[in-house]
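Summary of structural features
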Amino acid sequence: MKAEQNELITRIGPGTPCGAVMRHYWQPVALVDEFNPALDPSMAIRPVKAVRILGQDLVLFRNAQGDYGLLDRDCPHRGADLAFGRNEGDGLRCPFHGWKFDVTGQCIETPAEPTGSTLCTRVRQRSYPIIERSGILFGWFGPEGQTPPPLPGIDAFSAPATHTFAFKGLWRCNWLQAFEVGIDPAHASYLHRFFEDESLEGSYGRQFRGASAGDVQGERWPMTRVMRELDQPEISFEPTDAGLRLTALRPINETLTHVRVTNSLFPHTFVIPLSETMTITQMHVPVDDTHTYWYSVFTSFAGPVDKEAMRNQRLPSVTLPDYIPKSGKHNHWGFNPEEQVSRTYLGMGEDDINVHDQWACESMGAIQDRTREHLGTSDKVIMANRRILLKAIETVQAGGLPPGFAQGAVARQRMGPDTVDGIAPSGQWPQWWREACDAKRSGAPWDAALPGHAPTPADTPADTSAA
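What you see is a predicted model; the values in this text were computed from it and never measured.

Here we come to the sheet that holds strand β7 (residues 100–101). As a general point, the strands of a sheet are linked pairwise by backbone hydrogen bonds and lie either parallel or antiparallel. If you trace the four strands from one edge of the open sheet to the other, you get β5-β6-β7-β8, paired in antiparallel fashion. Of all the strands in the sheet, just β5 (86–87) and β8 (107–109) have a single pairing partner and so form its edges. In this sheet, β8 lies alongside β7 in antiparallel orientation, the contact comprising two bridges. Counterpart to K100 in the pairing with β8 is E109.

Here is the structure:
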């Protein structure tokens, strides 16, 4: 890849071609948990957060009625930082001269002005539509006055709150290399290889520690065994309305094949199986060109999610309130050479495989130099996604809409997407994986109620953009 192409597909700040593409899609800006006083005691006093998304500095706050406002961070009076504003219940007040703004960005007080002044009625801070769904607050950063598409009708955003759990973490790298690790079907057999399998009894909520669906001669195979012993997947992909469906086949013997079907949702989301009844939907949101937050939504097709258990599994690996990993370049991502020899292929821990992906992404550098890479056949999905991204940039530059969920008709579809990780009869795997997904959906207490998925009121955000 030429250096100028690499710049084109990685830079996402205001005014950049790739940034213009990104601003057509809903972006996570914070977890609802970030406003939970039990996790961040300061939120009991002052529910205000400074956030940075797509290279833009913003302030997110909650008023006394529980409504959220997402505003540009510089006060429109003289540019002071609204992240230090006084949250007074009905609005956020700038401490510089006392100008106050409600959640829509409307200025409601300018106390230093003469009595009777109507200045505040003519001042409005740029604000952004916001939606709360599945434990995440989403913002939309398209042009002012333009109606955003609905939030996509995928499982992670359609399931009830009882059946989803959301978490996040910060990586010090560009968004694209973070996403490309997630849509690479080959890396799991190496980066996430464990030399020993654990008991399946303690696998709840832990990736690659559960069992693949199906069995081999009556024996359940842990995903760790599948990835370790079958390390040369046959990878294929096919286009969907929202991106790509990825299939990785790992033949076990003449009669059985391991099948793993995952999805790439443009521009930066993948959906993968965690277990037979749970999926992970992970978004890679650019903070700026060299930092990325990943947001994961775990969606259960069986009983309610044990949020406390899943949260407690993950909290020890990050520092609150900003979900910054404790491992990183500063401590060599926890690398242990003895572990690399005896327990894991990488040597960076057995409990949190996010550290494995973090190392892969961050060790490339803040922005990967793709002029130096050499891609192989197993990288076909990476190449396909880059072609889609380059085409999307061309489309937006020509005044069109990029693909997938930026288009209202696609976003409104009830589309899953379906995933599977299991062992199938070799010649019948296409039928097997469809039947497995149908069975999973038929057993979900919430999915049967959503066959057509008409947009709900929550799909349409309150209009908090400037008039």
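Having put the structure on the table, let's press on.
Glancing now at the packing of helix α4 (residues 175–182) against helix α9 (residues 354–362). The relative placement of two packed helices is expressed as an angle between their axes plus a distance between the axes. The N-to-C vectors of α4 and α9 enclose an angle of 130°; their axes lie 9 Å apart at closest approach. The angle between the axes of α4 and α9 places the two elements in the oblique class. You can see that α4 and α9 cross each other, and the crossing is right-handed. Of the residues in α9, those in contact with Q177, A178 and V181 of α4 are D357, A360 and C361. When grouped by side-chain class, the residues that make up the contact of α4 with α9 number four nonpolar, one polar and one charged.

With that settled, consider the nonpolar core. Core analysis: the largest hydrophobic core is formed by 90 residues, its most contacted members being L60, L70 and F405. Counting residues per element, this core draws most heavily on helix α10 (residues 380–397), which supplies eight residues. With 15 residues, the next largest nonpolar core counts V48, V59, C75 and C94 among its residues.

Let's shift gears to the pattern of salt bridges. Within this structure, the stated rule accounts for 32 salt bridges. Between R93 and E88 there is a salt bridge, and its shortest N-O distance comes to 2.9 Å. A residue is classified by how much of its surface remains accessible, and R93, at 13% relative accessible area, is buried. Across the pair R343 and E350 runs a salt bridge whose closest N-O atoms are separated by 2.8 Å.

As a further point, take the sheet that holds strand β4 (residues 68–72). Strands sit in the order β2-β3-β4 across an open sheet of three strands; the sheet is antiparallel. On the outer flanks of this sheet lie β2 (48–53) and β4, each paired with one strand and no other. Direction aside, neighbouring strands of the sheet carry axes that sit 30° apart on average. Looking at chain direction, strand β3 (residues 56–62) and β4 are connected through five bridges and run antiparallel. In the strand pairing of β4, L60 is matched with L70.

Conventions used here
- Residues numbered from 1 in each chain as written.
- Predicted model: local features only at pLDDT ≥ 70, side-chain atom pairs only at ≥ 80, totals over all residues.
- Heavy atoms only, no water.
- Pairing = 2+ DSSP bridges.
- Helix = DSSP H or I, 4+ residues; strand = E, 2+ residues; numbered from the N terminus.
- Axes fitted to C-alpha atoms, helices over the stretch in contact; angles between N-to-C directions.
- Parallel < 35°, antiparallel > 145°, perpendicular 65-115°, else oblique.
- Left-handed = near helix turned anticlockwise from the far one by under 90°.
- Contact = heavy atoms within 4.5 Å.
- Nonpolar A, V, L, I, M, F, W, Y, C, P; charged D, E, K, R; others polar.
- Core = buried A, V, L, I, M, F, W, Y, C linked by side-chain atoms within 4.5 Å.
- Buried < 20%, exposed > 50% of the residue type's maximum accessible area, 1.4 Å probe, protein only.
- Salt bridge = Lys/Arg side-chain N within 4 Å of Asp/Glu carboxyl O.

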